Amino acid sequence: MSANRIRGQVYVLGDNIDTDQIIPAQYLNLVPTIPEEYEKLGSYALCGVLDAPPYVPQGRTKTPYAIIVAGRNFGCGSSREHAPIAIGAAGGRAVVAESYARIFFRNCVATGELYPLETATRLVGEFVTGDEAEIDLDASTITNLRTGAVMALAPLGDARPVIDAGGLFEYARRTGMIASTAHPDVREAVPVNRVVED
Amino acid sequence: MAMTMTEKILARASGKAAVRPGENVWANVDTLMTHDVCGPGTIGIFKREFGAAAKVWDRDKVVIIPDHYIFTADDKCHRNVAILRQFAREQDLPHYYDVGTPRYKGVCHIALAQEGHCRPGEVLFGTDSHTCTAGAFNQFATGIGNTDAAFILGTGKLLVKVPPTMRFVFEGEFPPYLMAKDVILHLIGEIGVDGGTYKAMEFAGEAIERLEMEERMTLCNMVIEGGGKNGIIEADERTFAYVRARTGKSFEAVAPDADAKHVFYKRWDARTIEPTVARPHSPDKRATARSLADVAITRAYIGSCTGGKLTDFASAARVLRGRKVAVQTFLVPATTEIARGIGTETLEGKTLLSIFEEAGCTVSLDASCAACLGGPADTFGRINGPEVCISTTNRNFPGRMGAKEGQIYLASPYTVAASAVRGRITDPREFLA
Ligand code: SF4
């Protein structure tokens, strides 16, 4: 999903949005590597959130909101990779939050589904759901196109090239960490490059 | 260089003399665990990335424990277990605990320990956030996603950042009405649900040494609710006795250096901790049980990797013996071994099972995660409406146990049992003289 700019509508959430709200457990019978179930996961993205308009409109599989703006500890709770995948499958491309739960952040990077961007200050009050915004990954900024306000993001650092590549395996292949084609000897190739971890 | 237990394990696993917090190291994995919710996706990625005929890096180091959605009519859940079964067969995996056979165990974190997969000084990754439970056995254990798990399946390694350590010390002895669940809820209330993010949480002190293994597991189990990467406790004779009874494999425990550095350090007098409850909808919404005496409940639940172990049921039985519950009270053991224990363990001449039945509890002996995470609509104990539930589980997020209209209070088995008897939140000291 390599791109410098991400533009789209914003969906605003609060603190501690946990993985049960992102994808409720009753949908964990869906397996993300099965294409139709991947799509289905997208249709349920964030359906467990209390008191918010639906992220994915009823009867649809895609969201009108490419960007989520949230508070602290986004993605806390379980290790279910279904969580970043559901948001990504629905068409979400970036989350801008004050902080992340460790496993969720790592899963965003490993899957390449979503850019988890951090902010030093709380931006929840700078947006309302439906605002148009643009993220500039090179400049590490987000602009509210309704108000014109430009706000700083923490640089993604080592995580960026992994997400740009489309996730851990594609990145590992491109950088020679693992063999470029599936091969049994892959396990002998001890990875040497430093990539991002959590 | 002085190191903590977590640093020592990661140094050994990455072939280094020493590591320091913040360093990224490639750790050799001793055990990878997955289950029916994340296993099929992990297997899908493994095959896509390493090839349909690829073999796992070490058959003896892969453990697959179906446990989440077992006792349900949902077709996809059965399909998912069939994917695990097929994979275990084609890879000839010795540690697959199949549904519907005598090998079936139940909740993975407890089964890992009971089947001898939790060994001091080793590295365990699991596709489940409560993998941190195994820190009770002096193991570095943490949760990962499917993609990382698939990477391990193919390579046996994972890049990990060495976490800094927070040290929590409890002096003296916990009072008899207190359980490890109260202690961890107290701590989470103190540091917040993100207070331990990226960090190792180390528990020490005389009060911790006095805890039996299942109680230590409860403590480490919930470090993830404080955001922690792993929990860890020093191994002692109790640890060795438990582990040696369950595995013949050799292992080497680690002890912390006296001058190891911590990012957080706090001591408590163990006697000062009170029965503690987390209010909806977050595990850090701390309150004492006695301060919530006006909260009426509509049901109670005892189960899960946190509060569904034999010690948890034995504790509940102490409160429930000779009494009746005032609200519907669901009990479900974490594993089949515990299910058997409920039928054989006695208290004053009565089995735990008969105590629960006479108290009017609704008992299922189908060991699994059950309603801890809601699950399919036909799951035992699932919240399907605006219930107010007090539970021995670990998460009270909106919708965690089913319907998002539900409200969940987290508490120890003593407090849950006492509350079930009164129909409102109750400090167990009222029953435990
Ligand atoms: S019992 Fe609950 S917390 Fe434990 S593994 Fe199962 S679903 Fe997760």
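Cut-offs and rules
- Residues numbered from 1 in each chain as written.
- Chains lettered and ligands numbered in written order.
- Predicted model: local features only at pLDDT ≥ 70, side-chain atom pairs only at ≥ 80, totals over all residues.
- Heavy atoms only, no water.
- Domains from an automatic or database assignment.
- Contact = heavy atoms within 4.5 Å.
- Buried area = accessible area lost by both parts, 1.4 Å probe.
- Salt bridge = Lys/Arg side-chain N within 4 Å of Asp/Glu carboxyl O.
- Helix = DSSP H or I, 4+ residues; strand = E, 2+ residues; numbered from the N terminus.
- 1 Å grid on protein atoms, 1.4 Å probe; cavity = no way out; pocket = protein on both sides within 12 Å on 5 of 7 lines; lining within 4 Å.
- Points joined across faces, edges and corners; volume = space filled by probe spheres on them.
- Nonpolar A, V, L, I, M, F, W, Y, C, P; charged D, E, K, R; others polar.
- Near = heavy atom within 4 Å.
- Sits in = over half its atoms within 2 Å of the grid points.
- Core = buried A, V, L, I, M, F, W, Y, C linked by side-chain atoms within 4.5 Å.
- Buried < 20%, exposed > 50% of the residue type's maximum accessible area, 1.4 Å probe, protein only.

Residue and element names in this part refer to chain B. Taken domain by domain, chain B comprises domain 1 (5-243 + 261-268) and domain 2 (278-432). Centre-to-centre, using C-alpha coordinates, domain 1 lies 24 Å away from domain 2. Between domain 1 and domain 2, the residue contacts involve 39 residues of the former and 40 residues of the latter. Buried surface at the junction of domain 1 and domain 2, summed over both partners, amounts to about 3200 Å²; 60% is from carbon and sulfur atoms. If you look at where domain 1 meets domain 2, you find two salt bridges. Taking the shortest distance from any N to any O, the salt bridge between Glu-190 and Arg-286 comes out at 3.8 Å. Taken together, the elements giving at least two residues each to the side of domain 1 that touches domain 2 come down to α4 (108-114), α6 (180-191) and α8 (213-221). In terms of residue count, α6 provides more of the side of domain 1 that touches domain 2 than any other element does, seven residues in total.

Here we come to the layout of surface pockets. All names here are of chain B. Each pocket or cavity is described by its volume, and for the largest pocket that value is around 570 Å³. Along the wall of the largest pocket there are 26 residues; nearest its centre are Met-179, Glu-212, Glu-215, Thr-311 and Ser-315. The set of elements that each furnish at least two residues to the lining of the largest pocket consists of α8, α11 (310-320) and α12 (336-344). With five residues, the top contributor of residues to the lining of the largest pocket is α11. Broken down by class, the residue content of the lining of the largest pocket amounts to 14 nonpolar, three polar and nine charged. Each of domain 1 (5-243 + 261-268) and domain 2 (278-432) gives at least three residues to the lining of the largest pocket.

Take the site of the ligand next. Residue and element names in this part refer to chain B. As a matter of local geometry, the ligand sits amid His-68, Val-107, His-109, Asp-128, His-130, Ser-304, Cys-305, Cys-369, Cys-372, Leu-373, Asn-394 and Arg-400. Under a 2 Å grid-point criterion requiring more than half of the atoms, the pocket assigned to the ligand is the largest cavity. Taken domain by domain, the makeup of the shell around the ligand includes at least three residues from each of domain 1 (5-243 + 261-268) and domain 2 (278-432).

Here we take up the nonpolar core. Side chains of a nonpolar character, in soluble globular proteins, are inclined to be buried together. Counting residues in each nonpolar core, the largest one holds 165 residues, and the members touching the most others are Phe-74 of chain A together with Phe-170 and Phe-203 of chain B. Looking at this core element by element, the count peaks at seven residues for α6 of chain B. Every residue in contact with Phe-74 of chain A, bar those within four places of it in the chain, is listed here: Leu-13, Ile-17, Ile-22, Ile-68, Ile-87, Val-95, Ala-97, Ser-99, Tyr-100, Ala-101 and Phe-104 of chain A. In terms of nonpolar packing, the next biggest core, distinct from the first, is built from 50 residues, Ala-27, Val-56, Leu-159 and Val-162 of chain B among them.

Residue and element names in this part refer to chain B. Evaluated as defined, the whole model comprises 46 salt bridges over all chains. Put simply, Glu-173 and Arg-210 hold a salt bridge, and the shortest N to O gap is 3.5 Å. Taken as a pair, Glu-173 in the loop between β8 (165-171) and α6 and Arg-210 in the loop between α7 (206-209) and α8 lie far apart in primary sequence, 37 residues in all. For Glu-173, a relative accessible area of 44% translates into the label partly exposed. Where Glu-358 meets Lys-350, a salt bridge forms, and the shortest distance between an N and an O atom there is 2.6 Å.

Attention now goes to the interface of chain A and chain B. On the chain B side, the residues contacting the 54 residues of chain A number 54 residues. In total, about 4400 Å² of surface goes out of reach between chain A and chain B, with carbon and sulfur atoms giving 56% of it. Viewed at the interface, chain B and chain A are joined by five salt bridges. Glu-49 of chain B is paired through a salt bridge with Arg-173 of chain A; the nearest N and O atoms lie 2.5 Å apart. Going through the elements one at a time, α1 (19-22), α4 (102-111) and α6 (168-174) of chain A are the ones with two or more residues in the side of chain A that touches chain B. The biggest single contributor to the side of chain A that touches chain B is α4 of chain A, with seven residues. Residues belonging to the side of chain A that touches chain B are distributed by class as follows: 25 nonpolar, 16 polar and 13 charged.

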